[in-house]
Amino acid sequence: MGTANDQFISMGGGPNELVMKTKCGKTLTIVDAIGSVSVKVPNGGMIASVSISDQVTVVYQNKTMRLKAPDLKKWIGSDMNKLIEDTLKDR
């Protein structure tokens, strides 16, 4: 899809974040792709963030890119959480 220059990126964690560390110590982070929306309100303007349909943001070696990956986005957004919760119940 290209670079993620026009989106908000929160690297603070959350339920929709997947972080992997390679054998050589590099980190790959995949999060929900977020875009900005300007909203006009009576006392000025406001910028809000919205999830971009079918896209994720990938951060690797200080490079950030947005990828179209609907299956990965669905897995990170809901299936991953369900898998973790189900696994913890079985223990």
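This text follows the structure it describes.
Residues numbered from 1 in each chain as written. Predicted model: local features only at pLDDT ≥ 70, side-chain atom pairs only at ≥ 80, totals over all residues. Heavy atoms only, no water.

Caption draft 1: Up close: the pattern of salt bridges. Inspection of every chain in the model, using the stated rule, returns three salt bridges. Where Lys73 meets Asp32, a salt bridge forms, and the shortest distance between an N and an O atom there is 2.4 Å. Of the two residues, Lys73 sits in helix 1 (residues 70–89) while Asp32 sits in strand 3 (residues 27–41), which places them 41 residues apart along the sequence. Between Asp79 and Lys74 there is a salt bridge; the shortest N-O distance is 2.9 Å. Residue Asp79 is classed as partly exposed on the basis of its relative accessible area of 30%. (Salt bridge = Lys/Arg side-chain N within 4 Å of Asp/Glu carboxyl O. Helix = DSSP H or I, 4+ residues; strand = E, 2+ residues; numbered from the N terminus. Buried < 20%, exposed > 50% of the residue type's maximum accessible area, 1.4 Å probe, protein only.)

Caption draft 2: Spotlight on the pairing of strand 2 (residues 17–21). Of the pairings in the sheet, the one linking strand 2 to strand 3 comprises five bridges and is antiparallel in character. For Val19, the partnering residue across the bridge sits in strand 3 and is Thr29. From the end of strand 2 to the start of strand 3, which pair antiparallel, there are five residues, and Gly25 there has a positive phi angle of about 90 degrees. (Pairing = 2+ DSSP bridges.)

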